[in-house]
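Residues per chain, in single letters:
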Amino acid sequence: MNETRQITEAELSRQREYERAIRARFEEREAHPVALVDTFGCQQNVADGERLAGMLKNMGFSFTKDPREADLVLLNTCAVREHAEQRVFGNLGALTHTKRENPAQIIALCGCMAQEPRVSERVRRSYSHVDLVFGPHALWRFPELLWEVYEHRTRVFAVEEEAGSIAEGTPVERNAGVRAWVSIMYGCNNFCSYCIVPYVRGRERSRTPEAVEAEVRELVEAGYKDITLLGQNVNSYGRGTDCDFATLLARLDRIPGRYWLRFMSSHPRDASDKLFRTMANGEHIARQLHLPFQSGNDRVLQAMNRRYTRERYLSLIAAARAAMPELVLTSDVIIGFPGETEAEADDTISLVEEVGFHALFTFLYSPRPGTKAASMPDPVPREEKQRRFDKLLAVQNARSAALHAACVGRTLRVLADGRSDDPAYPLTGRTEGNRLVRFTGSPDLIGGFTDVAITGNTTWSLYGEAET
Ligand code: SAM
Ligand code: SF4
Ligand code: F3S
């Protein structure tokens, strides 16, 4: 690998100059600019949103959630399903009103939708109040692009297709708290036939183990206690180098401190016994695995281009559980892939019953223009897909409730992360398996690990009492 273009120090320092120039521009006018960064989609986008906020902070911006107060509105978008796109177009439409009241307001669209030519063309033609459009490839150049908008008062579109690059050392403004995200790789090479991500995020490229380790070490030293490594397919991290994902995990696990290390997502094709052994032997690695299976039927899996079978998936789960009997498992699944029959959807439901996931992210198939699946015949009516979807959900909800009920009576280690809106159980936290817990105890516990006696549950969460 590594034909990946690494953005140079000189290129990044130019961006720092643009940040200072924008800051100076506002200082001259004694203005205190305010930005709204609205992020949709997956954790990768959340991590990107934190980078954009970091750059904005360097430019002198503070932050708001109210678009009427904002000098700059930045929509950091997701293209994975049609619904996500519709919401963004709805929000863009609503911003015509705020811009009418405040004509100096800058409206910017970035993220995965912005990288789709279909979307950027529509914005160019029909949303003339949008000043700046840039895709994930141009994220590191945001200061320069914004400068152009301010300086020339023109619309700027930075949406060229490219394989992708890596920019180390862009600033980051993380959400306060105990949880932090670390992208270890970008892009995807898998081209699952339903998925838009490889088209908008470019080819797979990994950061160096040194860069990842330095970031995780810094986070642990700054007091973060739940660190999630991010990639579309972390199991192919470092492909072609001598550092694979399990080796990276083992290396990070040696960083001293009290913290949990998690990762997402894993692709079953590349998951390995070596990974499970590393997890089992780790001191900090949470015994939790998000392993999307998408379908329990081999014909559908093949049509999805997932490159594993139901049997292979089940044998991976067996191996993972043999290494870690307490493993908490979650997954993603799609119902209604083009041409999926009722019997094939039933295979998905039977896999769910067989494995027993703590939680599932369930999706109704959404055609994404430009992907292979979008041109496949899709004769099953929406209502029928919905019926199968509801059937799957009922099976999963019963299983989630049963697995959570089985925790009652046990004491679990919980990372307390905040206050709940339930006065009877005022604190919230997460277990090693990333299960949500509401519990009683002193607010001083927030920010640390504590043992909680589990006393009750719902389908999606646990209730308990802190033992300290
Ligand atoms: N890279 C990860 C993987 O392969 O497991 C997940 C990436 S995707 C952002 C998150 C989930 O969205 C997928 O696992 C899939 O279940 C779902 N998804 C992706 N494209 C979809 C589509 N066209 N319709 C419905 N769900 C979709
Ligand atoms: Fe999409 Fe498949 Fe890549 Fe995941 S592995 S991002 S589902 S193409
Ligand atoms: Fe994530 Fe959506 Fe892009 S799920 S990678 S933000 S298309």
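Being a predicted model, the structure only gives us computed values, none of them experimental. (Residues numbered from 1 in each chain as written. Chains lettered and ligands numbered in written order. Predicted model: local features only at pLDDT ≥ 70, side-chain atom pairs only at ≥ 80, totals over all residues. Heavy atoms only, no water.)

## Concerning the site of ligand 2
Piece 1. Taken together, Cys188, Asn190, Phe191, Cys192, Tyr194, Cys195, Val197, Pro198, Gln232, His267 and Arg306 make up all the residues around ligand 2.
Piece 2. For the shell around ligand 2, a count of residues per class yields 7 nonpolar, 3 polar and 1 charged. (Near = heavy atom within 4 Å. Nonpolar A, V, L, I, M, F, W, Y, C, P; charged D, E, K, R; others polar.)

## Some remarks on the packing of helix 8 (residues 245-253) against helix 9 (residues 273-281)
Piece 1. Contact geometry for helix 8 and helix 9: axes closest at 9 Å, N-to-C directions at 10°. What the angle tells us is that helix 8 and helix 9 run roughly parallel. Of the residues in helix 9, those touching helix 8 at Phe245, Ala246, Thr247, Leu249 and Ala250 are Lys274, Leu275, Thr278 and Met279.
Piece 2. By residue class, the composition of the contact of helix 8 with helix 9 is 6 nonpolar, 2 polar and 1 charged. (Axes fitted to C-alpha atoms, helices over the stretch in contact; angles between N-to-C directions. Helix = DSSP H or I, 4+ residues; strand = E, 2+ residues; numbered from the N terminus. Parallel < 35°, antiparallel > 145°, perpendicular 65-115°, else oblique. Contact = heavy atoms within 4.5 Å.)

## Overview of the environment of Asp421
Piece 1. When you line up the elements, Asp421 lands in the loop between strand 17 (411-419) and strand 18 (427-431).
Piece 2. Residue Asp421 is classed as exposed on the basis of its relative accessible area of 72%.
Piece 3. Considered as a pair, Asp421 and Asp66 are 355 residues apart in the sequence and their alpha carbons are 22 Å apart. (Buried < 20%, exposed > 50% of the residue type's maximum accessible area, 1.4 Å probe, protein only.)

## Topic: the domain arrangement of the protein chain
Piece 1. The domains assigned to the protein chain are domain 1 (4-165), domain 2 (169-405) and domain 3 (411-466).
Piece 2. Between the C-alpha centres of domain 1 and domain 2 the distance comes to 29 Å.
Piece 3. When residues of domain 1 are sorted by the area they lose upon contact with domain 2, Gln44, Glu50 and Arg51 head the list and together hold 27% of the total.
Piece 4. Between domain 1 and domain 2 we count 4 salt bridges in total.
Piece 5. For the salt bridge of Arg51 with Glu215, the shortest nitrogen-to-oxygen distance reads 3.4 Å.
Piece 6. Viewed at the interface, domain 2 and domain 1 are joined by 14 residue pairs in polar contact (both at pLDDT 80 or more). (Domains from an automatic or database assignment. Buried area = accessible area lost by both parts, 1.4 Å probe. Salt bridge = Lys/Arg side-chain N within 4 Å of Asp/Glu carboxyl O. Polar contact = N/O pair within 3.5 Å; in protein donor to acceptor, adjacent residues only side chain to side chain.)

## Some remarks on the nonpolar core
Piece 1. The biggest cluster of nonpolar side chains holds 52 residues, and the ones touching the most others in it are Ile184, Val216, Leu229, Phe245, Phe263 and Met279.
Piece 2. Here Leu229 is in contact with Val182, Ile184, Val216, Val234, Phe245, Leu249, Leu252, Leu261, Arg262, Phe263 and Met264, once residues within four sequence places are set aside. (Core = buried A, V, L, I, M, F, W, Y, C linked by side-chain atoms within 4.5 Å.)

## Some words on the site of ligand 1
Piece 1. Taken together, the neighbourhood of ligand 1 is formed by 15 residues, with Gln232, Pro292, Gln294, Asp332 and Ser366 sitting nearest.
Piece 2. Between ligand 1 and the protein, one listed contact pairs an oxygen atom with a side-chain N or O atom of Asp332 at 2.7 Å.
Piece 3. Residue Ser366 places a main-chain N or O atom 2.8 Å away from a nitrogen atom belonging to ligand 1.
Piece 4. Here ligand 1 loses 92% of its free accessible area of 570 Å² to cover by the protein chains.
Piece 5. Looking at the shell around ligand 1, the elements with two or more residues in it are strand 15 (328-335) and strand 16 (359-364).
Piece 6. In terms of residue class, the shell around ligand 1 is made up of 7 nonpolar, 4 polar and 4 charged. (Areas by Shrake-Rupley, 256 points an atom, 1.4 Å probe, with all protein chains shown as cover.)

## Here's the deal with the packing of helix 9 against helix 11 (residues 310-323)
Piece 1. Taken N-terminus to C-terminus, the directions of helix 9 and helix 11 make an angle of 25°; their axes are 9 Å apart at the nearest point. By the angle between their axes, helix 9 is roughly parallel relative to helix 11. For helix 9 against helix 11, the interelement crossing comes out right-handed. Taken together, the residues of helix 11 that come into contact with helix 9 (itself represented by Asp273, Phe276 and Ala280) are Leu316, Ala319, Ala320 and Ala323.
Piece 2. Residue composition of the contact of helix 9 with helix 11, grouped by class: 6 nonpolar, no polar and 1 charged. (Left-handed = near helix turned anticlockwise from the far one by under 90°.)

## Re the environment of Thr64
Piece 1. Mapping Thr64 onto the fold places it in the loop between strand 3 (62-63) and strand 4 (72-77).
Piece 2. For Thr64, a relative accessible area of 12% corresponds to the buried category.
Piece 3. Linking Thr64 and Val37, residues 27 residues apart in sequence, is a C-alpha distance of 8.1 Å.
Piece 4. When neighbours within four sequence positions are excluded, Thr64 is seen to be in contact with Val34, Ala35, Leu36, Glu69 and Ala70.
Piece 5. Within the structure, the side chain of Thr64 is placed 2.6 Å from the side chain of Glu69, a separation counted as a polar contact.

## A look at the environment of Lys372
Piece 1. Note on placement: Lys372 falls in the loop between strand 16 and helix 13 (382-405).
Piece 2. With 336 residues separating them along the chain, Lys372 and Leu36 place their C-alpha atoms 36 Å apart.

## Here we look at unusual backbone geometry
Piece 1. Ser265 follows Met264 through a cis peptide bond whose omega is -5°.
Piece 2. Within the chain, Phe191 stands out as a residue other than glycine whose phi angle is a positive 50°.
Piece 3. Here Phe191 shows up in the loop between strand 10 (185-186) and helix 6 (197-201).
Piece 4. In the Ramachandran plot, Arg307 falls in the positive-phi region, its phi being about 65° despite a non-glycine side chain.

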